[in-house]
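Structural characterization, general
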Amino acid sequence: MEDQSAGRRGNLLPQVLWFFFIAACVKLLLVPSYHSTDFEVHRHWLALTHSLPVSDWYLDETSPWTLDYPPFFAYFERFLSIFAHLIDPEIVDIQNGLNYKANSVIYFQRISVILSDLWLLFGVYRLSKKLEVKRRDLMWVLIIWSPGLVIVDHLHFQYNGFLLGWLLLSISFLQEGRDLMGGFVFAVLLCFKHLFAVAAPVYFVYLLRHYCWKGMVRGFSRLSVMGALVAAVFAAAYGPFVYHGQIQQVLRRMFPFGRGLCHAYWAPNFWVFYILLDKELAFFLRKVGFNIQVPSASFTGGLVGDSSPFAVLPQITPVTTFIMVLLALSPCLIKAWRNPRPGMIARWIAYAYTCGFLFGWHVHEKASLHFVIPLAIVAVQSLEDARHYFVLSIVSCYSLFPLLYEAQEYPIKVLLLLLHCALMWIGFSAQYAEDAVARATAPAPAPAKKKVAQSKLKAAASAEGGFVIGWIGKIYLFGLLVVEIWGQFLHPYLLGDKLPFVPLMLMSIYCSLGIMYSWIWQLRWIIKPT
Amino acid sequence: MGKKKEEKVRDDKVDVDRDDGASWWLVQKGIGASFICIALFALLVRVAVSLHPYSGAGNPPKFGDYEAQRHWMEITLNLPVTEWYRNSTTNDLSYWGLDYPPLTAYQSYVHGLFLRFFDLESVSLFSSRGYESYLGKLLMRWTVLSSDALIFFPAVLYFVCVYYTSHNSSRRNDIVWHISMLLLNPCLILIDHGHFQYNCISLGLTVGAIAAVLSQKDLVASFLFTLALNHKQMSAYFAPAFFSHLLGKCLRCKNPLLEVIKLGLVVIGTFAVVWWPYLHSADDFFGVLSRLAPFDRGLYEDYVANFWCTTSILIKWKRLFTVQSLKLVSFTATVLTCLPSMVQQVLAPSGKGFLYGLMNSSFSFYLFSFQVHEKSILLPLLPASLLALEEPRPFRWLTHHALFSMFPLLCRDKLILPYMAMYAVFTLLYLTPGGRSRLKKTDHSSSIASIMIGFLYLCSSILHIVYLTIRPPEKFPYLFEAMIMLMCFPQFALCAFYSNAKQWLLSKHSTVDKEKKLI
């Protein structure tokens, strides 16, 4: 086996491609499955960027799905539309293509997502190529075979894999100490999808301290180089729209604050507790005798209006959420300022996205991928990280379940999650049992009865230091199962159509517990003195 | 949990003498855990394949195998047992009449109950003919999926446990590789979950029976194999191998007659139980029996890559001979070709010889018997996949051509995408990095052979593309089907010849004490 592992170290590319192609095959098989309206959104963007001049991209209102991503993404769609036009001109027809459902468009768009995942692959490859074999394999399993990405990108339909590829690429540059490139790639990412801007403060502080803080003259020149580079990226993206005098229109499209605090299905974040507290207080006060008005647009009704309809607690505005995110970020920023270490950057970025997810305005449940994927980088580093990641990634994947509500996809999402659990369990166990053995054998090598001793040590290691989830974690994960069984089977059976919002609400609340745990855990790790 | 532990104990036995220090991470936790992982992946792939169309989707008036299975559920659910196989005003046998043995009928009944619970309309008598709906498709797919998970998967686990407790020398990576080869066989997945059939049940029962034979539980084996036979009469392809191996074993016991009687009682008893409703009158019994032997369908169907169909290009069998004489000729040819392997097993029964014997007898049937269908290649493929670790290259070769021979069928079902994806999954798993140790060791085939193999791979891939893109000339509408058949038949014949030779060489090499140990 040793010779084989040595051989495996030699040629990395075929191996990482092996992981990619296995995933690609499964994704190909999933082509005919359900896709959300996001599919039509992206198809419309293909048509829009193909048939309209740049100046009309952010003005067009042919379809309700107006372009609301930054310009680079629009350019990306423009690039894809070249091929779409070759395959079937109807796809990129702005009028006739509306709600086009032919096989050609389905295959084209699905395969475009699968191929764009190559960029994610490149990011992972760069991150992992210096790692030892086992950690590397594990990281590949966690990221390339991530069930969340399959659910969101290849069933629900989006291009997150491609975007996360940029993020991972940026992190890989920062970890290598190539700050300029890291900053550049991140700027590019921001021009693809602005929701990634939550980590911008971390980048700013880190780059300022680690890259620019090198004395007066050198520091200033570095600062200006970095600034110029970022400015150039933004100019390339927004320049045409500034030229056409549409920058306000572009920004209005990109930041639709009218959408309300929570999405129709509550993302499992902090605001779930806030809403719940409000409801309980209102209920309690009404019991006591106060006259509390029921807000017109109730959260449980599904649709959410412009204002946040709280009965008792103070209203939440975008500014409030912004300040809360910054406050939550501050410990991390202080740490990054005091001691900017490349080894911590993945944690800090993941933490920033966690904060954004927990306290942000109108957060989508899909956004949990923004921190789950980068955390995979640290999950292979230590046992505690692995334990935390195990729980977190299960919760995050489970919270994506409501995206696929049709019966046909039910076994798919369940199997994806179970497979992910099994792979993580086996992978982490293998990784950390080995580590424990290595640690135990290192001080006293006994050449005589080495094999027997080693097997004993192995047993001991797996009993003590191996990959074990604590009883709280076990109970929590078991609860997840209970919530799922309640929501899927018992609730419809026992209550019928009454209280239809309860299963989803239960899921939100229960998953947000897990995400809160993860946030606190990450925070503790970050403020831990090193 | 208890089951898992048991497997772990077994695993520890398996790799007691090795240290997988830097081994692949998947095998660390033991075979049980790896099996669960692969099984989950295999299930995921099956569910994904089942998203695609089934045979005869939206194609009235006859539809396809999907409608046949659904119709059987409708019939079994709504009519009394004795009416199932009888033509009547309520049961029109010319419209997908039941022509599988009673166990299939019972299985249809149980699945029909499941369908009726969720979607009454899909199995109501008469009105449900050609019923197609989102929910109906889903429920039908799930019945196959659950049968697969409940019968085929445990059978494979049983086989792997048994097989590798007797082979101490194999590495864990090899075992895991072998499990993935067994559970992710593209042909079986495409036919069961794409085209729509329940081969997983009869093949699963057969695998269980094989495992029981290998673990010396002959009575269990004959029970399971009788069930397989009662689910699909096609399982008879394996009957000569089971018969000769078990007979050979019995002859070596102290009291051969007693052993044979014991086995015979189990077989007859199982048959009696399964056929109980039809044993009350001779009429019923022969009525069912005549349904099971569809001799009116001709010597072969479509363009199956067997001896009769391939040679019919030169000799028009169907025109030259009567059905009666063809029956006799095909029967004789089948028996004659599987006789050598049977003789070998009677003379020197051994575990490995038994597996080769299964392959040989099923190949004889596939190549020479009456009324063979393309899908029947699944049967020779099963023992080949059980032998995958010993014969990786022939296994891959055979899988490639088996899949290829079913390409026209799968094209008709609009399953080209899953066909390609499943073929890719299979190839990728076959070439898993670090998955199998013997890959390099056996790499000493001559350059001429490898050029030949490469050339044939190239030919078949070109033919795939030609089949999809070019319309055949008006004069020969089935030109490409015939070409595919002409490419596949020699390979199947070669494989059959090879495994026959291997089986006979086995008895040459095996020493006397080894045989003693086995008995």
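Counting restarts for each chain: residues are numbered from 1 in the order of the written sequence. Chain A is the first chain written and ligand 1 is the first ligand written, with later ones labelled in order. Per-residue local features are limited, in this predicted model, to residues with pLDDT of at least 70; the limit for side-chain atom pairs, both in listing and counting, is 80 or more; totals at the level of whole chains, interfaces and linings are taken over all residues. Heavy atoms from the whole structure form the basis of all side-chain values; hydrogens and water molecules are not counted.

Moving on to empty space enclosed by the protein. Gaps between atoms show up when a probe of the same size as a water molecule is rolled over them. Residue and element names in this part refer to chain B. Two kinds of site are reported from a 1 Å grid over the protein atoms alone, namely cavities, where a 1.4 Å probe fits but cannot get out, and pockets, open sets with protein on both sides within 12 Å along at least five of seven lines, and residues are called lining when an atom falls within 4 Å of a point. Grid points are joined across faces, edges and corners, and a volume is the space filled by probe spheres set on the points. Counted according to the given criterion, the structure contains 11 cavities of 30 Å³ or more. Roughly 80 Å³ of internal volume is contained in the second largest cavity. If you trace the second largest cavity, you find it lined by Gln197, Asn199, Ser202, Leu203, Lys232, Met234, Ser235, Lys375, Ser376, Leu378 and Leu379. A run of DSSP states H or I qualifies as a helix once it reaches four residues; a run of E qualifies as a strand once it reaches two. Both are numbered from the N-terminal end. Of all the secondary structure elements, the ones that give two or more residues to the lining of the second largest cavity are α8 (199-214) and α17 (378-386). It is α8 that provides the largest number of residues to the lining of the second largest cavity, a total of 3 residues. In terms of residue class, the lining of the second largest cavity is made up of 4 nonpolar, 5 polar and 2 charged. Side-chain classes are defined by residue name, with Ala, Val, Leu, Ile, Met, Phe, Trp, Tyr, Cys and Pro counting as nonpolar, Asp, Glu, Lys and Arg as charged, and the others, Gly among them, as polar.

Let us look at helix α7 (residues 147-157) of chain A. Counting buried residues along α7 of chain A, 11 of its 11 residues qualify, which places the element largely inside the surrounding structure. Turning to α7 of chain A, its buried residues number three or more, namely Pro147, Gly148, Leu149, Val150, Ile151, Val152, Asp153, His154, Leu155, His156 and Phe157 of chain A. Exposure categories follow from relative accessible area, calculated using a 1.4 Å probe and restricted to protein chains: below 20% of the type maximum is buried, above 50% is exposed, and the middle band is partly exposed.

A separate point is the side chain of lysine 193 of chain A. Residues and elements named next belong to chain A. With respect to the helices and strands, the residue lysine 193 is situated in the loop between α9 (179-192) and α10 (200-212). When charges are tallied, Lys and Arg are placed among the positive residues and Asp and Glu among the negative ones, while His and the ends of the chain are skipped. A carboxyl oxygen of Asp or Glu within 4 Å of a side-chain nitrogen of Lys or Arg is what we treat as a salt bridge. For lysine 193, which is buried and forms no salt bridge, the nearest opposite charge comes from aspartate 38, at a distance of 7.8 Å. Polar contacts involving the side chain of lysine 193 include one to the side chain of tyrosine 69, which spans 3.2 Å. The contact rule is simple, with two residues in contact once any of their heavy atoms fall within 4.5 Å. Contacts of lysine 193, omitting those with residues within four sequence positions, involve Tyr69, Pro70, Gln158, Asn160 and Leu163. Think of a polar contact as two N or O atoms within 3.5 Å of one another; within protein, one of them needs to be a possible hydrogen donor and the other a possible acceptor, and neighboring residues in sequence only count if both atoms come from side chains.

A few words now on the confidence of the model for chain A. Residue and element names in this part refer to chain A. Counting all residues, the mean pLDDT for chain A is 86, and 88% of those residues have values of 70 or more. Below pLDDT 50 for its whole length, residues 1-9 participates in 19 contacts with residues either more than four positions away or in separate chains. How sure the predictor is of each residue is captured by pLDDT, a score from 0 to 100. Scored below 50 in pLDDT, residues 460-464 makes 5 contacts in the model with residues more than four places away or belonging to other chains.

Residue and element names in this part refer to chain B. Orientation is described by lines fitted to C-alpha atoms, with helices fitted over the stretch in contact, and by angles between N-to-C directions that extend from 0 to 180 degrees. It is the contact of α8 with helix α16 (residues 351-368), at a shortest axis distance of 10 Å, that shows an interaxial angle of 155°. Between α8 and α16, the crossing angle belongs to the class labelled roughly antiparallel. Of the two elements, α8 crosses α16, and the hand of that crossing is right-handed. Only Gly351, Phe354, Leu355 and Leu358 of α16 make contact with α8, whose side of the interface consists of Ile210, Val213 and Leu214. Its residues assigned to classes, the contact of α8 with α16 shows 6 nonpolar, 1 polar and no charged. Each angle is binned into one of four classes, with values under 35 degrees roughly parallel, values over 145 roughly antiparallel, values of 65 to 115 roughly perpendicular, and all other values oblique. In this scheme the crossing of two helices becomes right-handed for a clockwise turn of the near helix relative to the far one and left-handed for an anticlockwise turn of less than a right angle.

The next subject is the pattern of salt bridges. Side chains that differ in charge, positive against negative, can pair when their charged atoms come close. Following the criterion strictly, the structure yields 18 salt bridges over all chains and no others. Notably, a salt bridge pairs lysine 27 of chain A with aspartate 117 of chain A, separated by 2.9 Å at the nearest N-O pair. Placement of the pair is lysine 27 of chain A in helix α2 (residues 13-29) and aspartate 117 of chain A in helix α5 (residues 103-128), with a sequence separation of 90 residues. Judged by its relative accessible area of 6%, lysine 27 of chain A is buried. Take aspartate 117 of chain A: its relative accessible area is 5%, and that puts it in the buried class. A salt bridge links glutamate 259 of chain B to lysine 262 of chain B; the nearest nitrogen and oxygen atoms lie 3.9 Å apart. Note that glutamate 259 of chain B and lysine 262 of chain B are positioned in helix α11 (residues 256-275) at a spacing of 3 residues, about one turn of the helix. With relative accessibility at 25%, the residue glutamate 259 of chain B sits in the partly exposed group.

Turning our attention to the packing of α2 of chain A against helix α2 (residues 31-49) of chain B. Two elements in contact, α2 of chain A and α2 of chain B, have axes separated by 8 Å at closest approach and are oriented at 35°. Facing Ile22, Val26 and Leu29 of chain A of α2 of chain A, the residues of α2 of chain B in contact are Phe41, Leu44, Val45, Ala48 and Val49 of chain B. Taken together, the residues of the contact of α2 of chain A with α2 of chain B sort by class into 8 nonpolar, no polar and no charged.

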